[in-house]
Amino acid sequence: MSDKQNITLHLDAHVVTLKVDRDKEPVYRDAAKRVNEVYGKYTRLFPNLPVEQLWVYTALELAVYFQSDVRDKNLRPVLEKIEEISNRINQTLNIENTQT
């Protein structure tokens with residue numbers, strides 16, 4: 001069973017209290033910091049937009065960042081395999097070139 005702790009996060013003017021795994025607490029705090037940074041960026045860029053719209057922009061940017069990260073991690077094994085195959089092809093071609 002995981003050790004839980006209560007944490008309080010501040011997201012703009014909102015206070016969120018959660019019970020999280022103790023080892024995940026830094027992740028939650030970093031995530032809250034990132035949310036506040038992105039939200040702050042949009043409040044500066046669009047000072048006249050309603051708060052709801054600012055949160056939509058914030059959510060979208062964070063979701064795009066997450067999806068990009070997931071895509072990069074999913075492609076990493078494929079790219080590593082392509083590099084391995086390319087190296088084998090290059091080694092084979094070099095062997096053949098030295099024999100002619």
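Just so we're clear, the structure is a prediction, and the values are computed from it rather than from any experiment. (Residues numbered from 1 in each chain as written. Predicted model: local features only at pLDDT ≥ 70, side-chain atom pairs only at ≥ 80, totals over all residues. Heavy atoms only, no water.)

A.B. asks: What should I look at first to understand the pairing of strand 1 (residues 4-11) in this one?
C.D. replies: Look at any regular strand and the pattern is simple: side chains alternate between the two faces of the sheet. Across the two faces of strand 1 the burial differs, with Q5, I7, L9 and L11 buried and K4, N6, T8 and H10 not buried at all. Two elements, strand 1 and strand 2 (residues 14-21), share 8 bridges in a ladder whose sense is antiparallel. Residue pairing for strand 2: T8 is matched across the bridge by T17. Counted between consecutive antiparallel strands, the loop separating strand 1 from strand 2 contains 2 residues, among which D12 sits at a positive phi close to 55 degrees. (Buried < 20%, exposed > 50% of the residue type's maximum accessible area, 1.4 Å probe, protein only. Helix = DSSP H or I, 4+ residues; strand = E, 2+ residues; numbered from the N terminus. Pairing = 2+ DSSP bridges.)

A.B. asks: Would you mind showing me how to read the pattern of salt bridges here?
C.D. replies: A side chain with one charge can pair with a side chain of the opposite charge if their charged atoms come near. Summed over the entire model, instances satisfying the criterion amount to 8 salt bridges. Taking the shortest distance from any N to any O, the salt bridge between R34 and E61 comes out at 3.8 Å. You can see R34 sitting in helix 1 (residues 25-45) and its partner E61 sitting in helix 2 (residues 51-99), a full 27 residues away along the chain. Residue R34 is classed as partly exposed on the basis of its relative accessible area of 33%. By relative accessible area, which is 19% here, E61 ends up buried. Connected through shared salt-bridge partners, R34, E37, K41 and E61 make up one network. (Salt bridge = Lys/Arg side-chain N within 4 Å of Asp/Glu carboxyl O.)

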